Amino acid sequence: MPAPTMTDDFIESLSASAVNLEDAVTLPPSCYTSQDFYEFEKDALYYAEWQCVGREDWIPKPGDYFTTRTINEPIIVSRTLEGQVRAMSAVCQHRAMLVAEGSGNARGFLCPYHHWSYSLDGTLVAAPAMNKTCNFDRKANSLPRFAVEIWNGFVFINFDENAAPLAPRLIGVAEAIAGYDLASAEGPKPDEGARLPWNWKVMFENNNDGYHASRLHAGPLHDFVPSGKAEFPHSEPEDAGFLRFNGTLHPDASFNATQRAVLPIFPGLSDEMRNRMTFANVPPSLSLIMMSDMVIYLILRPDGPESLEMDTGLLFAPGAMKDPTFDHKLDMNMRATAHIIAQDFHVDELVQKGLRSRFAPRGRYSWQEGAQGQFNKWLVHRYRAAHKRLAGLETVS
């Protein structure tokens, strides 16, 4: 399909996806396949919105750090010697060498190429043999810093260091999931993220699609979460996140052959929360699947218009991992979950192939896809604003 140009007409055509669900259509297929649109999306979303990059407990001690990337921007998240969480570019300001890889503990970051050294907050500390370089300002050559906010134990960054705070736009989501007390939840750091051959929105939409649950996943591992019990709490496009609730046929349902929680229940859950699964979303990067005994979190990190890297992590009630039988019980959950994820991934890959077709539609929605309507409104609100902003900049230039 030809790449779109970001014309007024094209941006206006997106409005048909952001109306009431009973009248809405899906986004144009090119929004999932076009390099042109992906570049636009970087400005509309990734350079402007808060993005989840990990968990605060990945860096518990002063000097701890981890690296990650999104839209191919290398990122360091560190805990300074004073205990503050900082985030910055991993790109040395001399010759663009990466100053850190992986994770670990350090007193600072030393570029291995020419030994420029940076503190844990990104300040340039030393630059050898630069004394003959005219007008060299060491402070001006520190690593670019990003804004940081901790929300429910998750580390969010914004490439704009002066960005407005995230939490005030997540009040509804935070209240709905407060019983999980995710800031106190425990779980291992996930393995290195898998690279997946589909657009990040395909992934986000699949996770929020109540419509397919009773169809694609029909069988004893999923039938206790029927599509007909999906609910979609109201959200505004200006909000930073949205929710999907899915009622279950019995309390404390979980994905395993018993259909019931086998790990300790999160102690703060109300009876209402124990009779549903909760899907909480902070686009464009974080999606949560929340059961009574386990939370799965997905951190989406695009690296192109038709691919992404994704970190998949698990959280449990405090103390749950100390149970001598924990690994065996978790294995029950993960066997069922792996089966369901394999079904989803197969569909996601084929959807991406279908989106490249000249016959790919702008399809209609079922009421069971209410979260897709919320997601579209969130997206189109930002696409319009970015188009207006960028058009103004082009006029000025």
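Everything quoted here is computed from the prediction, not taken from an experiment. Every chain's residues receive numbers from 1 upward, in the order its sequence appears when written. Side-chain atom pairs in this predicted model are given and counted only at pLDDT of 80 or more, local residue features only at pLDDT of at least 70, and totals for whole chains, interfaces and linings cover all residues. Calculated side-chain values reflect all of the structure's heavy atoms, with hydrogen atoms and water omitted.

Draft legend 1. Broad picture of the environment of Leu-27. Secondary structure counts use DSSP, requiring at least four H or I residues in a row for a helix and at least two E residues in a row for a strand, with both numbered from the N terminus. Among the structural elements, Leu-27 can be located in the loop between α1 (8–13) and α2 (30–33). With near-sequence residues (within four places) excluded, Leu-27 lies in contact with Leu-14, Ser-17, Tyr-32, Lys-201, Arg-362, Asn-376, Leu-379 and Val-380. Contact definition: two residues touch when any of their heavy atoms are within 4.5 Å.

Draft legend 2. Structural view of the sheet that holds strand β1 (residues 51–55). Here, a strand pair is defined by DSSP locating no fewer than two bridges between the strands. The seven strands are arranged β1-β10-β9-β4-β3-β2-β5 in an open sheet whose pairing can be described as antiparallel. The open sheet terminates on both sides in strands that have one partner only, identified here as β1 and β5 (103–105). Taking each pair of neighbouring strands and ignoring which way they run, the sheet shows an average axis angle of 30°. The pairing of strand β2 (residues 64–70) with β5 spans three bridges and is classified as antiparallel. Bridging from a neighbouring strand, Tyr-65 pairs with Gly-104 of β5. Working convention: axes come from line fits to C-alpha atoms, limited for helices to the stretch in contact. Angles between N-to-C directions cover 0 to 180 degrees.

Draft legend 3. Expanded view of the sheet that holds strand β7 (residues 117–118). Here we have three strands laid out as an open sheet, ordered β6-β7-β8, and antiparallel in their pairing. Of all the strands in the sheet, the pair left with one neighbour each is β6 (109–110) and β8 (124–126).

Draft legend 4. Expanded view of the domain arrangement of the protein chain. Boundaries of every domain are those given by an automatic assignment or by a domain database. Segmenting the protein chain into domains produces domain 1 (51–165) and domain 2 (178–379). Taken together, the 19 residues of domain 1 in the interface contact 17 residues of domain 2. By buried area we mean how much accessible surface two parts lose on assembly, using a 1.4 Å probe and totalling the loss over both. Buried area between domain 1 and domain 2, both sides added, is near 1500 Å², and the carbon and sulfur share of it is 59%. Interface area lost by domain 1 to domain 2 is led by Trp-58, Arg-69 and Phe-154, which between them contribute 33%. We define a salt bridge as a side-chain nitrogen of Lys or Arg found within 4 Å of a carboxyl oxygen belonging to Asp or Glu. Summed over the shared surface of domain 1 and domain 2, the number is one salt bridge. Glu-309 is paired through a salt bridge with Arg-69; the nearest N and O atoms lie 2.7 Å apart. Among the elements of the structure, β1, β2 and β10 (154–158) are those that each provide at least two residues to the side of domain 1 that touches domain 2. Top element by residues in the side of domain 1 that touches domain 2 is β1. It accounts for five residues. Across the side of domain 1 that touches domain 2, the residue classes break down as eight nonpolar, eight polar and three charged. We call Asp, Glu, Lys and Arg charged. Ala, Val, Leu, Ile, Met, Phe, Trp, Tyr, Cys and Pro are nonpolar, and the rest, Gly among them, are polar.

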